[in-house]
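# Overview (structure and organization)
The primary structure of each chain is shown beneath.
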2 protein chains.
Amino acid sequence: MKLRLAVSFQTDEGERFFGEGPYRLLLGVEQTQSLRAAAQQMGMAYTKAFRIIKNAETALGFPLLERVVGGKGGGGSTLTPEGKELLKRYGAYRLSCDQMAERLYQEHFSGFLPAASSDYRREGPGEDHSA
Amino acid sequence: MKLRLAVSFQTDEGERFFGEGPYRLLLGVEQTQSLRAAAQQMGMAYTKAFRIIKNAETALGFPLLERVVGGKGGGGSTLTPEGKELLKRYGAYRLSCDQMAERLYQEHFSGFLPAASSDYRREGPGEDHSA
């Protein structure tokens, strides 16, 4: 049995703007230097990826990506310093959350449900790419 | 800013079988003594609710609901003892997870993102009714 945890950030009005989907997009941009390539890796339409990033930037109040002009394929995107910082912090945060969810599971379900491990070692694409 | 946490249980094969949706259905059955009424409260088709419960029962290996014959409207459903136990334990578990996520958020994002509170006092219907 496995635990799957998703933590998302919402505005006070209840609109999700950051979570597993945007996080994976940022990871992909860091790896590929291209939002288009990052979206493709996730099987996501570029227009959707673009919207997710813009939506997150608006709610956060800082830019996550900046355009790189020229180079192979005529330019791409790179993470801003704030984007890198968010990527780093969220990565550590989700790991901590996964580990604590596993510990709390033991406390709450031990003797009632089988042992379960959280997904926190996961690196492959998850099945939920929405924010 | 708000945090929204979702913890779901998956089989080893990665199929979700319990989480916020099934939990809310069980809560609804406890309140209304009817799966149909519980589904209706959540704006969910009865067939979907039925499938969610059967799927959870199969994965868990014990029944969650039992039929009540007769009475107003010609019978309904009630929670089995295991169903009640699961409801109680999962309710306490999600509360602990929400509180922990809020504490960890402070640790990881303090000074970088605005303070955020988790949704753990939520009682109204959430927007995500899937497992």
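Our subject in this report is the structure included herewith. It should be emphasised that the depicted structure is a prediction, and the values quoted were computed from it without experimental measurement.

Below, the discussion takes up the overall build of chain A. Of the regular secondary structure elements, chain A holds 4 helices and 5 strands. Put simply, chain A runs from its N terminus to its C terminus through helices and strands in the order β-β-α-α-α-β-β-α-β.

Moving on to the pairing of strand β1 (residues 2-10) of chain B. With 7 of 9 residues buried, β1(B) lies mostly within the body of the structure. Relative to β1(B), strand β1 (residues 2-10) of chain A runs antiparallel, the two being bridged by 9 bridges. Opposite A:Leu3, over in β1(B), you have B:Phe9 as the bridge partner. The pairing of β1(B) with strand β5 (residues 117-118) of chain B spans 2 bridges and is classified as parallel. Bridged to B:Lys2 within β5(B) is B:Ser117. Across 2 bridges, β1(B) lies against strand β2 (residues 16-18) of chain B in antiparallel orientation.

Below, the discussion takes up helix α1 (residues 20-32) of chain A. Residue pairs three or four apart in sequence face the same way in an α-helix, which turns once every 3.6 residues. With 13 residues, α1(A) ought to run about 18 Å at 1.5 Å a step, and its terminal C-alpha atoms sit 18 Å apart, in line with that. Those residues of α1(A) lying buried are A:Glu20, A:Gly21, A:Pro22, A:Tyr23, A:Arg24, A:Leu25, A:Leu26, A:Gly28 and A:Val29.

As a further point, take the nonpolar core. Among the nonpolar cores identified, the biggest contains 75 residues, and A:Phe9, A:Leu25, A:Tyr93, A:Leu113, B:Phe9, B:Leu25 and B:Tyr93 are the most heavily contacted of them. If sequence neighbours within four positions are ignored, B:Tyr93 has contacts with A:Leu3, A:Ala101, A:Leu104, A:Tyr105, A:His108, A:Phe109, B:Val7 and B:Phe9.

Cut-offs used in this document
- Residues numbered from 1 in each chain as written.
- Chains lettered and ligands numbered in written order.
- Predicted model: local features only at pLDDT ≥ 70, side-chain atom pairs only at ≥ 80, totals over all residues.
- Heavy atoms only, no water.
- Helix = DSSP H or I, 4+ residues; strand = E, 2+ residues; numbered from the N terminus.
- Buried < 20%, exposed > 50% of the residue type's maximum accessible area, 1.4 Å probe, protein only.
- Pairing = 2+ DSSP bridges.
- Expected span 1.5 Å × (residues − 1).
- Core = buried A, V, L, I, M, F, W, Y, C linked by side-chain atoms within 4.5 Å.
- Contact = heavy atoms within 4.5 Å.

Any link to function would need more than the numbers given here.
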